[in-house]
Amino acid sequence: MRTTFILNGRHIEVDADADSKLLWLLRDQLKLTGTKYSCGLAQCGACTVHLDGNPVRSCVVPVSSLKDKEVLTIEGLSNGELHPVQKAWIEEQVPQCGYCQSGQIMQAAALLEVNKNPSREEICSHMDGVLCRCGAYTRIVTAIQTASKIMEDE
Amino acid sequence: MNNPNSNSRISRRSFLGRAAGFTFILATGVVVPNIGDKNNDQKKGKELSIWVHLAPDGRVRIYNPSAEMGQGSMTACAVLIAEEMNVDWKDVIIESSPVDPENYGLQWGGQLGGPMMTVGSRTVRGYFNALREAGARANYVLRYSASRIWGVPTGRVSTEMSKAIHSDSGKTITFGELSGKIALPTNLDNIKVPLKDNEDFTLIGKDIPRYDIPGKVTGEAQYAMDIFLPEMLYGVMQRAPVNKGRPVLNNKEEVLKGHGVVDVLVMDYGVGVVADSTETALKAKARLDISWSDAESSDYDSILAYQEYERLAKSDQKGRSISSKGNVLRAFETATEAMVCEYKNDFAYHAQMEPLNAVISVSPDGKRAEAWVGSQSPDNARRTIANVLGIDFYDVNYHVCYLGGGFGRRSMSDYVEEATILANHIRKPLKFIWTREDDVGYGAFRPISLQRMEAAIGGNGNIMGWKHIIAGTGGGLLASGAEISYYDIPTQLIEVRSIDHGVRTKHWRSVGHGPNKFAIESFLDEIAYAQKEDPYLLRRKLMHKSPRELAVLDKVAEMADWGNNSSNGRAKGIAFAERSGALTAAVGEISLDSSTGRIKVHRFWVVMDAGLVVQPNNAIAQLEGGINFGLSNVLHESITFKSGQVQQSNFHDYRLLRISEAPESIECFIMPSAEEPAGVGEASTPIVGGAIANAFLKLTGKPLRHMPFTAEKVKEVLDQSM
Ligand code: FES
Ligand code: FES
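In this text, all values refer to a predicted model and were calculated from it rather than measured experimentally.

Definitions and cut-offs
Residues numbered from 1 in each chain as written. Chains lettered and ligands numbered in written order. Predicted model: local features only at pLDDT ≥ 70, side-chain atom pairs only at ≥ 80, totals over all residues. Heavy atoms only, no water. Helix = DSSP H or I, 4+ residues; strand = E, 2+ residues; numbered from the N terminus. Buried < 20%, exposed > 50% of the residue type's maximum accessible area, 1.4 Å probe, protein only. Contact = heavy atoms within 4.5 Å. Areas by Shrake-Rupley, 256 points an atom, 1.4 Å probe, with all protein chains shown as cover. Lys, Arg positive; Asp, Glu negative; His and termini not counted. Charge placed at Lys NZ, Arg CZ, Asp CG, Glu CD. Rg over C-alpha atoms; globule rule 2.2 N^0.38 Å. Domains from an automatic or database assignment. Buried area = accessible area lost by both parts, 1.4 Å probe. Salt bridge = Lys/Arg side-chain N within 4 Å of Asp/Glu carboxyl O. Nonpolar A, V, L, I, M, F, W, Y, C, P; charged D, E, K, R; others polar. Pairing = 2+ DSSP bridges. Axes fitted to C-alpha atoms, helices over the stretch in contact; angles between N-to-C directions. Phe/Tyr/Trp six-rings, centres within 6.5 Å; stacked < 30°, edge-to-face > 60°. Lys NZ or Arg CZ within 6 Å of the ring centre and 35° of its normal. Polar contact = N/O pair within 3.5 Å; in protein donor to acceptor, adjacent residues only side chain to side chain. Disulfide = S-S within 2.5 Å. Parallel < 35°, antiparallel > 145°, perpendicular 65-115°, else oblique. Left-handed = near helix turned anticlockwise from the far one by under 90°. Arc of directions from axis to C-beta.

Novice: Can you walk me through the overall build of chain B in this structure?
Specialist: In terms of helices and strands, chain B carries 19 helices and 30 strands. Projected onto its principal axes, the C-alpha coordinates of chain B cover approximately 85 × 75 × 45 Å. The buried share of chain B, taken over its 722 residues, is 65%. Residue pairs in contact within chain B that sit at least 24 positions apart in sequence constitute 74% of those at least 6 positions apart. Of the roughly 25800 Å² that chain B leaves accessible, carbon and sulfur atoms contribute 48%. For chain B, the distance from the average position of its 80 positive side-chain charges to the average position of its 85 negative side-chain charges is 2 Å.

Novice: Honestly, the overall build of chain A in this entry has me stumped. Any pointers?
Specialist: If you tally the helices and strands in chain A, you get six helices and five strands. Counted from the first residue to the last, chain A has its helices and strands arranged as β-β-α-β-β-β-α-α-α-α-α. Here the C-alpha atoms of chain A give a radius of gyration of 15 Å, agreeing with the 15 Å that 2.2 N^0.38 yields for 154 residues. The principal-axis extent of the C-alpha atoms belonging to chain A is close to 45 × 30 × 25 Å.

Novice: Looking at this structure, I do not really get the domain arrangement of chain A. What am I missing?
Specialist: Accessible area lost on assembly of the parts is the figure often given for the size of an interface. Residue and element names in this part refer to chain A. Partitioning chain A into structural domains gives domain 1 (2-77) and domain 2 (84-153). Spacing between the C-alpha centres of domain 1 and domain 2 amounts to 21 Å. On the domain 2 side, the residues contacting the 17 residues of domain 1 number 13 residues. With both sides pooled, the region where domain 1 packs onto domain 2 buries about 1300 Å², and carbon together with sulfur makes up 62% of that total. Taken together, the connections running from domain 1 to domain 2 amount to zero salt bridges. When residues of the side of domain 1 that touches domain 2 are traced back to their parent elements, those giving at least two are strand S3 (48-51), strand S4 (54-57) and helix H2 (74-77). Residues of the side of domain 1 that touches domain 2, tallied by class, amount to seven nonpolar, eight polar and two charged.

Novice: Explanation requested: the sheet that holds S3 of chain A in the structure shown.
Specialist: Pairing between sheet strands relies on hydrogen bonds along the backbone, with the strands arranged either parallel or antiparallel. Residue and element names in this part refer to chain A. The five strands are arranged S2-S1-S5-S3-S4 in an open sheet whose pairing can be described as mixed. Among the strands making up the open sheet, the edge pair consists of strand S2 (10-15) and S4. Averaged over all pairs of adjacent strands, the angle between their axes in this sheet comes to 40°, without regard to strand direction. Summarising the sheet, S3 and S4 pair through four bridges and their orientation is antiparallel.

Novice: Got a minute to help me understand the packing of aromatic side chains in this structure?
Specialist: Here the distance between the centres and the angle between the planes together describe a pair of aromatic rings. All names here are of chain B. Per the counting criterion, the structure on display carries 25 aromatic pairs over all chains. Ring centres 5.2 Å apart and planes at 70° place the aromatic pair Phe347 and Phe641 in the edge-to-face group. Of this pair, Phe347 sits in the loop between strand S16 (337-345) and strand S17 (357-362) while Phe641 sits in strand S27 (residues 641-642), and the two are 294 residues apart along the sequence. Accessibility expressed as a relative area gives 4% for Phe641, which makes it buried. One cation-aromatic arrangement involves Arg122 over Trp108; the distance from NZ or CZ to the ring centre is 4.4 Å.

Novice: Any chance you could explain the domain arrangement of chain B here in plain terms?
Specialist: Residue and element names in this part refer to chain B. Under the domain assignment used here, chain B contains domain 1 (12-208), domain 2 (224-295 + 356-433) and domain 3 (302-348 + 445-719). A C-alpha centroid distance of 42 Å is found between domain 1 and domain 3. Residue-level contacts link 21 residues of domain 1 with 18 residues of domain 3. Of the roughly 1400 Å² buried between domain 1 and domain 3, counting both surfaces, carbon and sulfur atoms make up 53%. It is Ser121, Arg125 and Asp207 that lose the most area in domain 1 upon contact with domain 3, and together they represent 33% of the buried surface on that side. Along the contact surface separating domain 1 from domain 3 lie six residue pairs in polar contact (both at pLDDT 80 or more). Secondary-structure elements contributing two or more residues to the side of domain 1 that touches domain 3 are helix H2 (73-85) and helix H4 (123-150). When grouped by side-chain class, the residues that make up the side of domain 1 that touches domain 3 number nine nonpolar, nine polar and three charged.

Novice: Explanation requested: the state of the cysteines in the structure shown.
Specialist: Note: disulfide means a covalent bond formed between the sulfur atoms of two cysteine side chains. Inspection of the entire model under this criterion finds zero disulfides over all chains. Counting only cysteine sulfurs, Cys134 of chain A is the nearest neighbor of Cys77 of chain B, a cysteine outside any disulfide, at a range of 18 Å.

Novice: Would you mind showing me how to read the sheet that holds strand S15 (residues 320-325) of chain B here?
Specialist: In space, the six strands of this open sheet follow the order S15-S23-S22-S21-S16-S30 (chain B), with mixed pairing throughout. Edge positions in the open sheet fall to S15 and strand S30 (706-707) of chain B, since each of these has one partner strand only.

Novice: Just to check I follow, could you spell out the interface of chain A and chain B for this structure?
Specialist: At the interface, 47 residues of chain A touch 63 residues of chain B. Interface area, chain A with chain B, both sides summed: about 4500 Å², of which 55% is carbon and sulfur. The salt bridge partner of Asp19 of chain A is Lys283 of chain B, with a shortest N-O separation of 3.4 Å. Remark: the boundary between chain A and chain B carries 33 residue pairs in polar contact (both at pLDDT 80 or more). Per-element accounting of the side of chain A that touches chain B gives the leading share, five residues, to helix H6 (residues 137-153) of chain A. For the side of chain A that touches chain B, a count of residues per class yields 22 nonpolar, 14 polar and eleven charged.

Novice: What is the right way to look at unusual backbone geometry in this model?
Specialist: With the exception of glycine, most residues fall at negative phi, and the peptide bonds are largely trans. Of note, the bond from Met707 of chain B into Pro708 of chain B is cis; its omega dihedral lies within 30 degrees of zero at 0°. Phi is positive for Lys31 of chain A, which is not a glycine, with a value near 60°. As for its position among the elements, Lys31 of chain A is in the loop between helix H1 (22-29) and S3. You will see that Asp68 of chain A, though not glycine, has its phi angle at about 65°, which is positive. With respect to the helices and strands, the residue Asp68 of chain A is situated in the loop between S4 and strand S5 (70-72).

Novice: Is there a simple way to explain the packing of helix H4 (residues 101-114) of chain A against helix H5 (residues 120-127) of chain A in this structure?
Specialist: Axis angle and axis distance: for two packed helices, these are the angle between their axes and the distance between the axes, and together they describe the pair. Residue and element names in this part refer to chain A. Direction vectors running N to C along H4 and H5 enclose 130°, while the axes themselves pass 10 Å from each other. When the axes of H4 and H5 are compared, the pair comes out oblique. Relative to H5, the crossing made by H4 is right-handed. Contacts from Gln104, Gln107, Ala108, Ala110 and Leu111 of H4 reach H5 at Ile123, His126 and Met127. Partitioned by chemical class, the residues of the contact of H4 with H5 number five nonpolar, three polar and no charged.

Novice: Help me out: how do you make sense of helix H15 (residues 535-542) of chain B in this one?
Specialist: Helical periodicity: at 3.6 residues per turn, an α-helix aligns residues three or four positions apart in one direction. Residue and element names in this part refer to chain B. What H15 keeps buried is the set Pro535, Tyr536, Leu538, Arg539 and Leu542. Burial along H15 is one-sided: seen end-on, the buried residues are contained in an arc of 160°. For H15, the elements touching its buried residues are strand S22 (463-473), helix H14 (513-531), helix H16 (547-559), strand S24 (570-579) and helix H18 (688-700). The backbone nitrogen of Tyr536 has a side-chain oxygen 2.8 Å away, supplied by the residue at the start of H15, namely Asp534.

Structure (structure tokens):
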């Protein structure tokens, strides 16, 4: 099927099977490889992108549901300048292997959109769907708090 | 990362003179070219050595021989060279070295020229002297070159921040300016270059931000999974549900008719599918109708197997001796009391977030190949490709990629071999991926084991004899971490007895240390509990001849305020472990929801003595990550086999720790030390089992003896009457 949607601020038209998943459309067709495959079952969050501003697991979002929606991926998050979450991630030296981090960052950025100053509990409950095998959780919490401060100052 | 591998033959010929692990290139121009990018201009500048390239603009490329899988050694290796070379860190660019073990590999003793393996936390400690020496030699060449230009003795030229300085006149020249004027002393191989004293370090021991992190926050960092080639096809494979089962494919024609399917290949232990996209390949895979033969492990049941391991551990069958000290038999005969406990641990899966994959392109005549792989053993991976194709190692143009986690799994090349077979079959560029289900179902796991611990207690309450029998499936992997030389126990017998059940096992972050330290540290606490002794004081007493270990233990007790018991239904547990030369002690604080059996971990305190630490902030990240990794394993992770088949398939039934379950704080302290560096990447993982079990014993008076401590199992323990 052909469908149109907005990807990182630009209108695009794609041709894909209706049951094809957004993750593979992004990666295989559009070559936006920042969004990662890890479980394909909405269990790990490595494939997290924003759909109309909400964090979703792109591995289970069918292309047929995208019509006229807005998709934001890690490639579209920074706008010339790094997003405060990305700055905080560097400041706190969060990533280890890095494979989960696009998903972590997209999930965190969505939190700070709706909650400028989240508590530790709010951070944990919002971030709970995104696994980090390297165990960078300790720094993820700190970095979200740092990002919240950076946003305040900006 | 750039990948200077296809012309390795040419570059190898250009390396002349080899001494002290340092090879100079006398040829000018491109010696280690960037072949990965065909459009890339030939590099201008000068190879100062196989480790360093100096460009006219002053940029210094440093070649990293290790696999970067999150542990940060790519930065640490470059720091070692840059430190001795006196390069301004701003000027440093880090690239992967060629996969050329003769020059860039590492022997276990720390000399160059061994396998290129990033395993066992060995990179920094292994390369420490060789890379510093490489940096110092490059520095010498720069000073010598400046001295020729100025006509002054080399001894009067010093360097700092990417500049050479003539001490007498104050004249300076930048390294970039020197790049076109490099002069090599004829007797270079014999010149002794001094290394810096520790107090002169400007990079080692300081917090240099990790080089790989910026690319990992923008999504630009490239894993093999992210490589796309023109006309690339996609491959997947259905593997035997029971290890070594052989396939008979019943519907090849039908699968071949599927939309987008290019080819189907029946292989030794599976069936490969090639298609025009990942999704079409996966759909075709789901349609395969395969009959599998039985195999050796067809009747293996890992839960039932514990009975067999227990019988073996109790028997007098001799296994492989790990340690034998004094007359243990006599110690038990004369003991006033003997204690026996058995500890168990299930198989564990690596669960690296990037499933295994490789991109391989075989030339139409089958005589050359190009490959993109994330591997902990890149030379083995490259050799595997060459062997499958029957071609020379150097006819494989090999590109090193970031690893989305390794933890031991990526030191095997099984996925590379499969990818090559399939790529050779189609002779087109192929991206070959394992799904998460493949990665779990055909995993190579940390061994299952049962550990029978016995202690002979003398009249004075001291432990006089120690028996530790490890029975399980995993051969030599069961052994590491069983030795306890730092505990002064006069008689000891430690032994491994393994039964091969035909299932796949492999090193897993800290290998046998996880299960063995869990058993040792839990047993010590059970002894202390029975003797009504404080478990920290018991360890202090046992460590009286090991001052370095004792200092680490004391420090963690102080940080965790050990003397003051936790309140609010919490309790603390202490444990100690040594791994890859690092000495680490930890205290964990937990509480318990006794209605569900759920353990909540609140805090951890960790102290490590790893000698001189090159990247302290990164070492702390490794300690934190290692605690969370350990907790994940200790609280949740279990692979079980029934009829030889793995019972788990993805993250819904192989649970990993989530952020809400991570401790609120992990306070780390690194002991200041000038000793040789030890390995950091696995140091904290094996302590967690003991620390949690010991906190639980303190809290409830009941021991936890079977990892993982799932809520279900904890509930069972709580419901048992003592
Ligand atoms: S890949 Fe989508 S949640 Fe794991
Ligand atoms: S950084 Fe490796 S999985 Fe999160």
